Amino acid sequence: MKNVMLSPSLFVGNLLNIEEDIRQCDKAGADMFHIDMIDTTFTTITGLPNALLPAIRQVSQTPLDIHIMSATPEVYFPTILPYCENSYVVMHIETAKEFNWLANQVRQAKGKPGVTLNSTTPVCAIKEVLPMVDMVQVMLCDAGREMKIPGLKEHIYHKIPEIRKMCDEIGRPDIVIQCDGGVTFEMAKLLMKQGANSFVLGRDSIFAQKESVSERIFALRKFLAEE
C-alpha cells in the first residue's frame, strides 16, 4: 500500500481532554494533527484557539495540519508560523487574497503551504497556485457544515483524479491530496483508489466510536491495506 497520511481532527475529539486524544493518536502513529482555525467567514462556529498550538507541542512533536477557514489567514500567522515547521498550513482559494505571497510566508517559516477547495469550487480554480503548494485539500462538504444529503459527496470524488493529473503535469507528483469532511473507512478506500493520499479523521471514522481512538486508527490502516 502506498503511504497514506492520517490526520485526526482534534476539534471533533474530546475538547475537555485533548491531551488524551493526542496521546492515543501518537500511540497509533498518526501522521499529523488536523487543526481547524475558524472565524465566521464560512460558518457561525469558531475553531480551536491559537494558544492551543504551544500546548500541543508540550506533549507531542507530531506535525500539524492547520486548516485556516478565514478570509484573512494572515491574521493567524503571528501565532501559527512559529509552530509550522515541517507542518502544513492550508488556506482557502475562495477567500485568500495574494495567495502566492501567503504561501511564501509559510515556506519562509519552514512550513508547507496548501490550498483548500470548497465542495462546490471547480478544480480549475487552483491551477495558478498549484506550483506553490505541497497539499491540496478537497472538502467533501461545505466548509464548517455537515452534508447529510445521500449520495452528494460522491459527486465530488471526480475532483481527486483531476487534481492528481494536474500535479503530474506540472512535475509535482509529491503534492499531497487530502480529503476532509465526514470521511468513513469505506470512503477513504474509494478516494485512495482515485488518487487521494491523506484523510482528515473525525467522528465518522475514529472519534466517538466504541473502540478507542488508537484502535480505530490501527483498524483504518489495516482496512486500507486490504485489497
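One can find the structure itself at the top, above this paragraph.
Described in the following lines is the structure provided in the data block. (Residues numbered from 1 in each chain as written. Predicted model: local features only at pLDDT ≥ 70, side-chain atom pairs only at ≥ 80, totals over all residues. Heavy atoms only, no water.)

Quick look at the overall build of the protein chain
And then number 1: What the protein chain contains, in helices and strands, is seven helices and eight strands.
And then number 2: By residue count, 55% of the 227 residues in the protein chain fall in the buried class.
And then number 3: Within the protein chain, residue pairs in contact and separated by at least 24 positions form 67% of the contacts whose partners lie at least 6 positions apart.
And then number 4: Entry remark: accessible area of the protein chain is about 10,400 Å², with carbon and sulfur atoms responsible for 53%. (Helix = DSSP H or I, 4+ residues; strand = E, 2+ residues; numbered from the N terminus. Buried < 20%, exposed > 50% of the residue type's maximum accessible area, 1.4 Å probe, protein only. Contact = heavy atoms within 4.5 Å. Areas by Shrake-Rupley, 256 points an atom, 1.4 Å probe, with all protein chains shown as cover.)

So, the packing of helix α6 (residues 185-194) against helix α7 (residues 213-225)
Relative orientation and spacing of two packed helices are given, respectively, by the angle between their axes and the distance between those axes.
And then number 1: Between α6 and α7, the shortest axis-to-axis distance is 10 Å and the interhelical angle comes to 40°. When the axis of α6 is compared with that of α7, the two are oblique. As for how α6 packs across α7, the hand of that crossing is right-handed. Facing F185, E186, A188, K189 and M192 of α6, the residues of α7 in contact are R216, A219, L220, F223 and L224.
And then number 2: For the contact of α6 with α7, the class distribution of residues is seven nonpolar, no polar and three charged. (Axes fitted to C-alpha atoms, helices over the stretch in contact; angles between N-to-C directions. Parallel < 35°, antiparallel > 145°, perpendicular 65-115°, else oblique. Left-handed = near helix turned anticlockwise from the far one by under 90°. Nonpolar A, V, L, I, M, F, W, Y, C, P; charged D, E, K, R; others polar.)

Details of the environment of N118
And then number 1: The topology assignment puts N118 in the loop between β5 (112-117) and β6 (135-139).
And then number 2: When its relative accessible area of 10% is taken as the criterion, N118 is described as buried.
And then number 3: Placed 24 residues apart in sequence, N118 and E94 show a C-alpha to C-alpha distance of 7.6 Å.

Some thoughts on the side chain of S205
And then number 1: Within the secondary structure layout, S205 lies in the loop between β8 (198-201) and α7.
And then number 2: Since its relative accessible area comes to 1%, S205 is described here as buried.
And then number 3: Leaving out residues up to four positions away in the same chain, S205 has contacts with V183, F185 and R216.

Some words on the sheet that holds β8
And then number 1: Spatially, β1-β8-β7-β6-β5-β4-β3-β2 is the arrangement adopted by the eight strands of the open sheet, whose pairing is parallel. Looking at the sheet topology across the chains shown, the edges are occupied by β1 (5-8) and β2 (33-38). Shown here is a sheet whose adjacent strand axes are inclined to one another by a mean of 25°, direction ignored.
And then number 2: Summarising the sheet, strand β4 (residues 88-92) and β5 pair through five bridges and their orientation is parallel. In the sheet register, H92 faces β5, and the bridge partner there is T116. (Pairing = 2+ DSSP bridges.)

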